[in-house]
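Reading the structure
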Amino acid sequence: MIFDLHTHTSASDGVLSPRELVTQAQLANVAVLAITDHDTLAGYQQASSLELGTMQLIPGIELSAQWHTTGVHVVGLNVDPNSYSLRQIIATQQRARRARAVTIAERLAKRGLGDLFEQANQVAELGNIGRPHFAQVLVNNGLVRTFSEAFNKYLGNGKIGDVPSTWLPLDEIVQGIRDAGGVAVLAHPDKYAVTQSKLVRLIDDFLAAGGQALEVISGRQTASRTRELGALCSQKGLHASCGSDFHKPGQSWADLGRHGLLPDNCRPVWDIW
Ligand code: AMP
Ligand code: MN
Ligand code: MN
Ligand code: MN
């Protein structure tokens, strides 16, 4: 059975609408799909009213969190979409995103790229505005050739448009997911520019806050890294999650449902629900 527990729709920075994502997941034989848009449940909510056939849809969210000076992502799975505490967190995060987007636009304007806020807002539609929407505008305006170039030149880590935002602290994010009846998963451990020992400290703090699972597989990664992360996951007593982190068809890091199976010695996160 294919479990894809980390995907995005146009409600955040994914390209497919919730309906298109559901259709593509069905075509890819995904048995259990979690929609985990950045800081919003809107994509899940739209998808939940669709005809899903035999596919199971899990309400999910990917929340940005602050851990010391590092921004990290926590996926909440099987959350109650009507949870009051989660709604409060979402409202706070969305305000932080908007404020950050204004600063990103100002900084890019200072580089002589023009005021891109309104265009980025348009690209985001109802989605939660973020760096990928600015990347798309830079491409659309011919200011860079590709999406990757936009990140490499202007938006990636340490670049002018990488505006530090103050997300809610890690422990509040984890607690909010738990209060909403969900499972808190530390997303894509290899995407934080931290040493292995710092990653272990992050996992320990995540556990202390009530975190329950680690994303042992995120998109395409080597079999040896999957084994290492699987071992770390078991050693820390965490459950294991997996997902493609799908944003658009043809993305380089694994298509929908094509991220592979969890190692046998891991306790899968779906055992919790
Ligand atoms: P934000 O939520 O605004 O901080 O933007 C982060 C999102 O940008 C991630 O979830 C990815 O979807 C995307 N992203 C980050 N780095 C890159 C990159 N180097 N190339 C393409 N997309 C990226
Ligand atoms: Mn994203
Ligand atoms: Mn992420
Ligand atoms: Mn993601």
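Preceding block: the structure.
Below you will find a few notes about this structure. (Residues numbered from 1 in each chain as written. Chains lettered and ligands numbered in written order. Predicted model: local features only at pLDDT ≥ 70, side-chain atom pairs only at ≥ 80, totals over all residues. Heavy atoms only, no water.)

1. A closer look at the coordination of the manganese ion (ligand 3)
Those protein atoms acting as donors to the manganese ion (ligand 3) are Glu62 (OE), His73 (ND1) and His188 (NE2), and they sit at 2.1 to 2.2 Å. If you list the donors of the manganese ion (ligand 3) from N- to C-terminus, the spacing comes out as E-x10-H-x114-H. The metal-metal distance between the manganese ion (ligand 3) and the manganese ion (ligand 2) comes to 5.5 Å. Pair noted here: Glu62 is in strand 3 (residues 56–67) and His73 is in strand 4 (residues 70–77), with a separation of 11 residues, a long-range link. (Donors = N, O, S within 2.8 Å, 3.2 Å for Na, K, Ca; no water. Helix = DSSP H or I, 4+ residues; strand = E, 2+ residues; numbered from the N terminus.)

2. Things to note about the sheet that holds strand 4
Taken together, seven strands build an open sheet; the order of strands is 1-2-3-4-5-6-7 and the sheet is mixed. The open sheet terminates on both sides in strands that have one partner only, identified here as strand 1 (2–4) and strand 7 (239–243). Across the sheet, the mean angle from the axis of one strand to that of its neighbour is 30°, orientation sign disregarded. As paired strands, strand 4 and strand 5 (residues 183–186) are joined by four bridges and run antiparallel to one another. By the bridge assignment, Val74 is partnered in strand 5 with Leu186. (Pairing = 2+ DSSP bridges. Axes fitted to C-alpha atoms, helices over the stretch in contact; angles between N-to-C directions.)

3. Focus on the coordination of the manganese ion (ligand 4)
Surrounding the manganese ion (ligand 4) are the protein donor atoms His6 (NE2), His8 (NE2), Glu62 (OE) and Asp245 (OD), at 2.1 to 2.2 Å. Every donor residue of the manganese ion (ligand 4) comes from the same chain, spaced as H-x1-H-x53-E-x182-D. A distance of 4.5 Å spans the gap from the manganese ion (ligand 4) to the manganese ion (ligand 2). With His6 in the loop between strand 1 and helix 1 (18–27) and Asp245 in the segment after strand 7, this residue pair connects regions lying 239 residues apart in the sequence.

4. Remarks on the nonpolar core
Grouped together as the largest cluster of nonpolar side chains are 49 residues, with contacts concentrated most on Val74, Leu170, Ile173, Leu202, Phe206 and Val216. Counting residues per element, this core draws most heavily on strand 3, which supplies five residues. Look past the residues within four positions of Phe206 in its chain and what remains in contact with it is Val74, Leu170, Val174, Ala184, Val185, Leu186, Gly211, Gln212, Ala213 and Leu238. Among the nonpolar cores identified, the runner-up in size contains 19 residues, and Leu108, Leu116, Phe117 and Leu155 belong to it. (Core = buried A, V, L, I, M, F, W, Y, C linked by side-chain atoms within 4.5 Å. Buried < 20%, exposed > 50% of the residue type's maximum accessible area, 1.4 Å probe, protein only. Contact = heavy atoms within 4.5 Å.)

5. A few points about the site of ligand 1
Near ligand 1, the surroundings consist of Asp13, His38, Arg97, Arg100, Gly130, Arg131, Pro132, Phe147, Phe151 and His247. Note that an oxygen atom of ligand 1 is positioned 3.0 Å from one of the side-chain N or O atoms of Asp13. One of the side-chain N or O atoms of Arg97 is found 3.1 Å from an oxygen atom in ligand 1. In the complex, the protein chains occlude 73% of the 500 Å² of accessible area that ligand 1 would expose alone. (Near = heavy atom within 4 Å. Polar contact = N/O pair within 3.5 Å; in protein donor to acceptor, adjacent residues only side chain to side chain. Areas by Shrake-Rupley, 256 points an atom, 1.4 Å probe, with all protein chains shown as cover.)

6. Section: the packing of aromatic side chains
Under the defined criterion, the tally for this structure stands at two aromatic pairs. Taking 5.7 Å as the distance between ring centres and 50° as the angle between the ring planes, the aromatic pair formed by Phe147 and Phe151 counts as tilted. Remark: Phe151 and Phe147 occur in helix 6 (residues 147–155); sequence separation between them is four residues, near one turn of the helix. What makes Phe151 partly exposed here is its relative accessible area of 22%. (Phe/Tyr/Trp six-rings, centres within 6.5 Å; stacked < 30°, edge-to-face > 60°.)

7. Focus: unusual backbone geometry
You will see that Asp39, though not glycine, has its phi angle at about 55°, which is positive. Counting through the fold element by element, Asp39 comes out in the loop between strand 2 (30–35) and helix 2 (42–48).

8. Describing the pairing of strand 2
Of all six residues in strand 2, six are buried, a share of seventy percent or more. Bridging between strand 1 and strand 2 involves three bridges; their strand directions are parallel. Of the residues in strand 2, the one forming a bridge with Asp4 is Leu33. For the segment spanning strand 1, helix 1 and strand 2, crossover handedness is right-handed. Strand direction decides the pairing type here: strand 2 and strand 3, joined by four bridges, are parallel. Note that in strand 3 the partner of Leu33 across the bridge is Leu57. (Right-handed = clockwise from strand over helix to strand, strands pointing away.)

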